[in-house]
Amino acid sequence: MRIPLIYIPKTKYKKFLYIEKKYNSKYPIIPIGCDCHPAHTLNSLFLRKISLPFDWLNIDPIHCFNYINDNIKCEFSFFKSNITTNERGYFIASKYPSAEFMHELKLDSSNNQEKFDRRIARFTELLPKKNIFIHTIPANSIKNKEDITIYIGSILRFKEIIHNDSTIHIYIRFDENITENETLASELYALLINNNIETTKYVRKLNKFGIWGNKKEYHSLLKNLKINIKQTFPDISIK
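Residues numbered from 1 in each chain as written. Predicted model: local features only at pLDDT ≥ 70, side-chain atom pairs only at ≥ 80, totals over all residues. Heavy atoms only, no water.

## With respect to the overall build of the chain
Which entries qualify depends on this criterion: The helix count covers DSSP runs of H or I at least four residues long, the strand count covers runs of E at least two residues long, and both are numbered beginning at the N terminus. Values of the radius of gyration come from C-alpha atoms, whereas the globule rule sets the reference at 2.2 Å times the count of residues to the power 0.38. Throughout this description, buried means an accessible area under 20% of the type-specific maximum (1.4 Å probe, protein chains only), exposed means over 50%, and partly exposed covers the range between. Surface accessibility follows the Shrake-Rupley procedure with a 1.4 Å probe radius. Residue values consider only the protein chains on display as shielding. Charge counting follows a simple rule: Lys and Arg are positive, Asp and Glu are negative, and His as well as the terminal groups are ignored. Working definition for charges: the position is that of NZ of Lys, CZ of Arg, CG of Asp or CD of Glu.
Scanning the chain for helices and strands turns up seven helices and 11 strands. Taking 2.2 N^0.38 as the reference for a compact globule, 239 residues should give roughly 18 Å; the C-alpha atoms of the chain span a radius of gyration of 19 Å, in line with that estimate. Principal-axis analysis of the C-alpha atoms gives the chain an extent of 60 × 45 × 35 Å. Counting across all 239 residues of the chain, residues that qualify as buried make up 45%. A total of about 13000 Å² of accessible surface is found on the chain, and carbon and sulfur atoms cover 52% of it. For the chain, the separation between the mean place of its 36 positive charges and that of its 25 negative charges on side chains is 10 Å.

Written as structure tokens, this is what we have:
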């Protein structure tokens, strides 16, 4: 809700009172790619309490869990080592060319290296505990049945790493409607359900709402993923 407070005619000076719904979760909700959408969704609902290493990365969707698994196995030794830029101008670690640090302008600086050290330390501390992991995969990123096999296998390996009571919640993301790449997306959906992964199909309506989709649908998205959140006192700010 946005309520006008101050407006000075013939100037651009305006102030509004914002009252936004705020939510809480009993257990940490950790975004794990494949891109920024899960972290943005949590931010919008005030559910993202801390910064973690995979929040704002753009990772190859099919190999995202392989990337996460390898970093955990290697204790993040290569997560940000031998930093270079790719053909798109984004920073990447030399071992992981398919993971772009899209929001980092100076990843090779000491300050940013230390920032990610802190994020890695938080993630490492949380990993043995009960967590809720949220992930998205674009429907159109699935090119063939082999992609599905690779993706499912990597998720099952991730399940072996995390706490037994932790849960994985994945939304298959469509740009305009759920008929996009329908055959492969439906096959993936069925396999995720069969492997006890909480899964839903989500249409972000790209043409109308842009890459983030409709913010008003985020609560429903988490509800469809069976992520238990509770509304708390609203966030009130003046901007």
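Continuing now.
## Observations regarding helix α1 (residues 37–44)
Formally: Two residues qualify as a contact provided that any one of their heavy atoms is within 4.5 Å of a heavy atom in the partner residue.
Most of α1 is tucked away, with six of its eight residues classed as buried. Residues H37, P38, A39, T41, L42 and S44 constitute the buried set of α1. Where α1 is buried, its residues meet β2 (14–24), β3 (29–31), β8 (132–138), β9 (167–174), β10 (198–203) and α7 (218–224). Directly after α1, the chain includes F46, whose backbone phi takes a positive value near 60 degrees.

## Brief notes about the side chain of D35
Definition in use: Any pair of N or O atoms that falls within 3.5 Å is considered a polar contact. Within protein, one atom must be able to donate a hydrogen and the other to accept it, and sequence-neighbouring residues count only if both atoms are side-chain atoms.
Following the sequence through the fold, D35 ends up in the loop between β3 and α1. With relative accessibility at 12%, the residue D35 sits in the buried group. In this structure the side chain of D35 is engaged in a polar contact, spanning 3.1 Å, whose partner is the backbone nitrogen of H37. For D35, the side chain forms a polar contact with the side chain of R173, separated by 2.7 Å. Discounting residues that sit within four places of it in the chain, D35 has contacts with D55, L57, N58, T136 and R173.

## Examining the sheet that holds strand β4 (residues 58–59)
Hydrogen bonds along the backbone pair up the strands of a sheet, which may run parallel or antiparallel. Inclusion rule: What makes two strands pair is DSSP finding at least two bridges between them. Axis lines are fitted through C-alpha atoms, for helices just across the contact stretch, and the angle between N-to-C directions can take any value from 0 to 180 degrees.
Strand order across the open sheet formed by four strands is β4-β7-β6-β5, with antiparallel pairing between neighbours. Across the chains shown, the open sheet's two edge strands, defined by having one partner strand only, are β4 and β5 (83–85). Where strand β6 (residues 91–93) and strand β7 (residues 96–101) come together, two bridges link them in antiparallel fashion. Paired with A93 across the two strands is Y96, which belongs to β7. Sitting on the sheet, helix α2 (residues 64–73) is in contact with β4 and β7, with an inclination near 95 degrees to β7.

## Focus on the packing of α2 against helix α4 (residues 145–161)
Applicable threshold: With the far helix as reference, a near helix turned anticlockwise by less than a right angle produces a left-handed crossing, and one turned clockwise produces a right-handed crossing. Note on residue categories: nonpolar means Ala, Val, Leu, Ile, Met, Phe, Trp, Tyr, Cys or Pro, charged means Asp, Glu, Lys or Arg, and polar means any other residue, Gly included.
For the pair α2 and α4, the least separation of the axes is 8 Å and the interaxial angle reads 35 degrees. The way α2 lies across α4 gives a crossing that is left-handed. Across the interface between the two elements, F65, N66, I68, N69 and I72 from α2 touch I150, Y151, S154, I155, R157, F158 and I161 from α4. Class assignment for the residues of the contact of α2 with α4 results in eight nonpolar, three polar and one charged.

## Digging into empty space enclosed by the protein
To be explicit about the condition: Cavities and pockets are found on a 1 Å grid laid over the protein atoms alone: a cavity is a set of points where a 1.4 Å probe fits but cannot escape, a pocket is an open set with protein on both sides within 12 Å along at least five of seven lines, and a lining residue has an atom within 4 Å of such a point. Grid points are joined across faces, edges and corners, and a volume is the space filled by probe spheres set on the points.
Under the counting rule described, the total for this entry stands at one cavity of 30 Å³ or more. Its volume calculated, the largest cavity comes out at about 30 Å³. Along the walls of the largest cavity sit P53, W56, L57, F101, H103, E104, F116 and R119, which together make up its complete lining. Counted by class, the lining of the largest cavity contains five nonpolar, one polar and two charged residues.

## Concerning the pairing of strand β1 (residues 2–7)
For β1, the tally of buried residues reaches only zero of six residues, placing the bulk of the element at the surface. Alignment of β1 against β2, held across five bridges, turns out to be antiparallel. When the bridges of β2 are listed, I6 appears paired with K15. Hairpin connection of β1 to β2: six residues between the antiparallel strands, including K10 at a positive phi of 65 degrees.

## Comments concerning the sheet that holds β1
Taken in spatial order, the three strands line up as β1-β2-β11 in an open sheet, and their pairing is antiparallel. If you trace the sheet from one side to the other, it starts and ends with β1 and β11 (230–238), each paired once. Across this sheet, the average inter-strand angle for adjacent strands is 20 degrees, counted without regard to direction.

## Details of the packing of aromatic side chains
What counts here: In this scheme Phe, Tyr and Trp rings, the latter by its six-membered ring, pair at centre separations within 6.5 Å, and the angle between planes marks the pair as stacked below 30 degrees, edge-to-face above 60, and tilted otherwise. Only when the NZ of Lys or the CZ of Arg is both within 6 Å of the ring centre and within 35 degrees of the ring normal is a charge said to sit over the ring.
The final tally for this structure, using the stated rule, is 16 aromatic pairs. A centroid spacing of 5.4 Å and a plane angle of 75 degrees characterise the contact between F79 and F101, whose relative ring orientation is edge-to-face. Taken as a pair, F79 in the loop between α2 and β5 and F101 in strand β7 lie far apart in primary sequence, 22 residues in all. A relative accessible area of 0% means that F79 is categorised as buried. Here F101 falls in the buried class, since its relative accessible area comes to 1%. Relative to F116, the ring of F101 lies with its centre 5.4 Å away and its plane at 90 degrees, an arrangement referred to as edge-to-face. Of this pair, F101 sits in strand β7 while F116 sits in helix α3 (residues 110–126); the two residues are 15 residues apart in sequence, bridging distant segments of the chain. An aromatic cluster of at least three residues, connected via ring pairs, comprises F54, Y67, F76, F79, Y96, F101, F116 and F123. Taking the ring centre of F116 as reference, the NZ or CZ of R119 above it sits at 5.0 Å.

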